[in-house]
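Structural features, examined
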Amino acid sequence: MSIVENRKAFHDYFVEERYEAGIALEGWEVKAIRAGRAQLKEAYVVVKDSELFLIGAHVSPLPAASTHVEPDPVRTRKLLLHAEEITRLIGKVEQAGYALVPLNLHYAKGRIKLEIGLAKGKKQYDKRATEKEREWNREKQRLLRVKI
């Protein structure tokens, strides 16, 4: 069950591989994400010291958050993956043109997981071609509906 999706990622990138990663979260963040107060639009994944970190993901604290905790909505969060997955991703990211992009935040067995994608950036003409193809498919469906 998806909580938040990053639709912009599919507009800006060709996603080649997908990985499911755990996230190191604080208690108030889990409550806020369960309430649907998360956003991945400006988020990205960075490799630092053989570890993966989620940067720029915004989790708005609930108004009833604890008074003794100082919530930081855009703090850097560590991603949890197996060591061999991390080394494989690091090797591919170091190749030219590859990036790690957060795709969606979802539940898996009661835990909050982040799906990240190994992606290659789209050029402007690729984005236009994708949009043109999407419009053509919509038009085809419209024509088929009218004839039936």
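Predicted model, so just to flag it, every value in this text is computed and none were measured. (Residues numbered from 1 in each chain as written. Predicted model: local features only at pLDDT ≥ 70, side-chain atom pairs only at ≥ 80, totals over all residues. Heavy atoms only, no water.)

**Brief notes about helix α3 (residues 83-93)**
Burial in α3 covers these residues: Glu-85, Ile-86, Leu-89 and Ile-90. For α3, the angular spread of buried residues about the axis comes to 135 degrees, placing them on one side. Facing away from the buried surface of α3 by more than 90 degrees, the exposed residues are Ala-83 and Thr-87. Looking at the buried residues of α3, the elements they touch are β2 (13-23), β4 (44-48), β5 (51-55), β8 (98-108) and β9 (111-121). (Buried < 20%, exposed > 50% of the residue type's maximum accessible area, 1.4 Å probe, protein only. Helix = DSSP H or I, 4+ residues; strand = E, 2+ residues; numbered from the N terminus. Arc of directions from axis to C-beta. Contact = heavy atoms within 4.5 Å.)

**A few points about unusual backbone geometry**
Even without glycine at this site, Ser-50 takes up a positive phi of about 60 degrees. Here Ser-50 shows up in the loop between β4 and β5. Among the residues examined, Ser-50 registers a relative accessible area of 53% and is labelled exposed.

**Here's the deal with the confidence of the model for the protein**
Summing up the model confidence of the protein, the mean pLDDT is 87 and the portion of residues at 70 or higher is 98%. Within the protein, the lowest mean pLDDT, 81, falls on helix α1 (residues 7-12), and the highest, 93, falls on strand β7 (residues 77-80). (pLDDT = per-residue confidence, 0-100.)

**Observations regarding the side chain of Asn-104**
Counting through the fold element by element, Asn-104 comes out in strand β8. Overall, Asn-104 belongs to the buried group, its relative accessible area being 13%. Of note is the side chain of Asn-104, whose polar atom sits 3.0 Å from the side chain of His-106. If near-sequence neighbours (up to four positions away) are discounted, Asn-104 is found in contact with Ser-2, Val-4, Glu-5, Leu-40, Lys-113, Leu-114 and Glu-115. (Polar contact = N/O pair within 3.5 Å; in protein donor to acceptor, adjacent residues only side chain to side chain.)

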